[in-house]
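Each chain is listed here by its residues.
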Amino acid sequence: MDLYKDIINVLLRKNLAYKCFCTNDRLNKIKYLCLKNNLRPKYDGYCKNNYNFINKKKYVVRFNSSLNNYNLDFNDKVYGLIKFNNIELDDFIIQRSNGIPTYNFCVIVDDYYMSITNVIRGSDHINNTFKQISIIKSLNFNIPIYSHLPILLDNKKKKLSKRNKLSDINFYIDKGFLPNSIINYLFKLG
């Protein structure tokens, strides 16, 4: 936690992040107006340039995405080149109001300090990758190689997760499936 907070403070000092004091009511109004106008809900950046919060103590920390004028495209080892329009990226939260950093921030710090070079995860995390690359570039960290795998679904079309017995390899071994058959089947799924 100390390392996360140190890096968030570096981002704050460099204006790559800022404190946001907006209430839930204000954020809900922004969301409502965006949806009413057929726009994707996106934070309007109000706290980025408004410093009238001297007496407010509760805040989140947002990443200042508008400073990033670089390309967020990346070459996924499964899906190939994936392009993203940086204008679509809003100033997303990297630290909650309780002081706990978010997944998209923590994973960047963890990967960097553990010298992770390859990230393999489900395709449902592709959108997170753009946020993460934005943070990585702002910190001048090396961008890992990304591979996003298709999501496996059960017979009810629900995503298999580690909490589901159908995603536990021992379930299939206990049913008599041979390990090489399981591996072969998994390769064919992807």
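Residues numbered from 1 in each chain as written. Predicted model: local features only at pLDDT ≥ 70, side-chain atom pairs only at ≥ 80, totals over all residues. Heavy atoms only, no water.

Re the environment of Phe141
Right, on to step 1. Checked against the element boundaries, Phe141 lands in the loop between α4 (126-138) and β7 (145-149).
Right, on to step 2. For Phe141, a relative accessible area of 13% puts it in the buried group.
Right, on to step 3. Along the chain, Phe141 and Asp111 lie 30 residues apart, while their C-alpha atoms are 9.8 Å from each other.
Right, on to step 4. Those residues in contact with Phe141 that sit more than four places away from it in its chain are Ile108, Tyr112 and Ile136. (Helix = DSSP H or I, 4+ residues; strand = E, 2+ residues; numbered from the N terminus. Buried < 20%, exposed > 50% of the residue type's maximum accessible area, 1.4 Å probe, protein only. Contact = heavy atoms within 4.5 Å.)

Quick look at the pattern of salt bridges
Right, on to step 1. Following the criterion strictly, the structure yields two salt bridges and no others.
Right, on to step 2. Between Asp44 and Arg26 there is a salt bridge; the shortest N-O distance is 2.7 Å. With Asp44 in the loop between α2 (24-36) and β2 (60-63) and Arg26 in helix α2, the pair connects residues that are 18 residues apart, well separated along the chain.
Right, on to step 3. Between Asp91 and Lys48 there is a salt bridge, with the nearest N and O atoms lying 2.8 Å from each other. Of this pair, Asp91 sits in the loop between β4 (80-82) and β5 (93-95) while Lys48 is found in the loop between α2 and β2, placing the two residues 43 residues apart along the sequence. Residue Asp91 shares its accessibility class with Lys48, and that shared class is buried. (Salt bridge = Lys/Arg side-chain N within 4 Å of Asp/Glu carboxyl O.)

A look at helix α3 (residues 103-113)
Right, on to step 1. Within α3, the full set of buried residues consists of Asn104, Phe105, Cys106, Val107, Ile108, Val109 and Asp111.
Right, on to step 2. Elements that come into contact with the buried residues of α3 comprise α1 (2-13), β5, β6 (118-122) and α4.
Right, on to step 3. Directly beyond the C-terminal end of α3, a positive phi value near 55 degrees is found at Ser115.

Some details on the nonpolar core
Right, on to step 1. By size, the foremost hydrophobic cluster in this structure holds 29 residues, and its most contacted members are Leu11, Phe74, Ile94, Phe105, Ile108, Ile135 and Leu139.
Right, on to step 2. Residues in contact with Leu139, not counting those within four places in the same chain, are Ile7, Leu11 and Ile108.
Right, on to step 3. By size, the runner-up hydrophobic cluster in this structure holds nine residues, among which are Tyr18, Cys22, Ile30 and Cys34. (Core = buried A, V, L, I, M, F, W, Y, C linked by side-chain atoms within 4.5 Å.)

Quick word on the environment of Pro150
Right, on to step 1. Structurally, Pro150 is set in the loop between β7 and α5 (169-174).
Right, on to step 2. In this structure the C-alpha to C-alpha distance between Pro150 and Phe92, which are 58 residues apart in sequence, comes to 26 Å.

What to know about unusual backbone geometry
Trans peptide bonds make up most of the peptide bonds, and negative phi angles are found at most residues other than glycine.
Right, on to step 1. We note that Asn140 has phi near 60 degrees; this positive angle belongs to a residue other than glycine.
Right, on to step 2. Given a relative accessible area of 67%, Asn140 falls into the exposed group.
Right, on to step 3. Positioned with a positive phi, Lys157 is a non-glycine residue whose angle comes to about 65 degrees.
Right, on to step 4. Relative to the elements of secondary structure, Lys157 occurs in the loop between β7 and α5.

As for the sheet that holds β5
Right, on to step 1. With antiparallel pairing, the three strands of this open sheet are ordered in space as β1-β2-β5. With one partner strand each, in any of the chains shown, β1 (17-20) and β5 form the two edges of the open sheet. Adjacent strand axes in the sheet meet at a mean angle of 45 degrees when their direction is disregarded.
Right, on to step 2. Taken together, the four bridges between β1 and β2 define a ladder with antiparallel strand orientation. In the sheet register, Tyr18 faces β2, and the bridge partner there is Arg62. (Pairing = 2+ DSSP bridges. Axes fitted to C-alpha atoms, helices over the stretch in contact; angles between N-to-C directions.)

No statement about biological role is implied by the geometric values presented.
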